[in-house]
Amino acid sequence: CSAINGDMGVVSAPNPANLHLETTESKQDMTVALTSLISTFSDESQRQDELLTSFETEAMANSRFGDQTRAQQWTVNEVCYWLSSQGLQDYVNAFHAAGIDGAILLRDMSMELLRNELGVNSIHCNKIMRQIEPL
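Below is a short write-up of the structure. Since the structure is predicted, the reported quantities are computational estimates derived from the model, not experimental observations. (Residues numbered from 1 in each chain as written. Predicted model: local features only at pLDDT ≥ 70, side-chain atom pairs only at ≥ 80, totals over all residues. Heavy atoms only, no water.)

Description of the nonpolar core
Counting 23 residues, the largest nonpolar core has L83, F95, L105, M109, L114, V120 and I128 as its most contacted members. Looking at this core, the element that brings in the most residues is helix 2 (residues 76–85), giving five residues. The contact partners of M109, leaving out residues within four places of it in the chain, are F95, I100, I104, L114, L118, M129 and I132. (Core = buried A, V, L, I, M, F, W, Y, C linked by side-chain atoms within 4.5 Å. Buried < 20%, exposed > 50% of the residue type's maximum accessible area, 1.4 Å probe, protein only. Helix = DSSP H or I, 4+ residues; strand = E, 2+ residues; numbered from the N terminus. Contact = heavy atoms within 4.5 Å.)

Here's what the structure looks like:
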């Protein structure tokens, strides 16, 4: 098959071998991207598990760890431990990486900070803000 190009004359149809090569390269690119994404997710999940284990160990060794009467003085680890106790362990890495301690949690936390800086889903933003109130 061929097509007529007004300026150049006859233009040949795309070579099926080239289309197959482009499709194969595209599939390879997708495979590389997906493998990278899975690896990143796996690494983040492993970091989260390690953090949660370290919080549990710290809580067992220190009876005052995570004590809500001293929330203002909580360390980053205590905030993350509290977050996990609220069923929001998916955000532990973000809170830990951002260095959210008790003072920041109680004085500076806002819906905007949760959503925009920490990547918290809107529905969880409301839950976190409600759970901060009694602290």
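Details of the packing of aromatic side chains
What the rule picks out here adds up to two aromatic pairs. Plain terms: the ring middles of F65 and Y81 are 5.2 Å apart, the flat faces sit at 65° to each other, and that makes the pair edge-to-face. In this pair, F65 is assigned in the loop between helix 1 (16–61) and helix 2 and Y81 in helix 2, connecting sequence segments 16 residues apart. Take Y81: its relative accessible area is 24%, and that puts it in the partly exposed class. (Phe/Tyr/Trp six-rings, centres within 6.5 Å; stacked < 30°, edge-to-face > 60°.)

Overview of helix 6 (residues 122–132)
Along helix 6, the residues classified as buried are C125, I128 and I132. Looking down the long axis of helix 6, one finds its buried residues gathered within 70° of arc, a one-sided arrangement. Of the exposed residues in helix 6, those oriented more than 90 degrees away from the buried face are I123 and R130. Of the surrounding elements, those touching the buried residues of helix 6 are helix 2, helix 3 (92–98), helix 4 (102–108) and helix 5 (111–117). (Arc of directions from axis to C-beta.)

Description of the side chain of Q48
The residue Q48 is located in helix 1 in this model. Overall, Q48 belongs to the buried group, its relative accessible area being 13%. Filtering out sequence-adjacent residues up to four positions away, Q48 remains in contact with Q89, D90 and N93.

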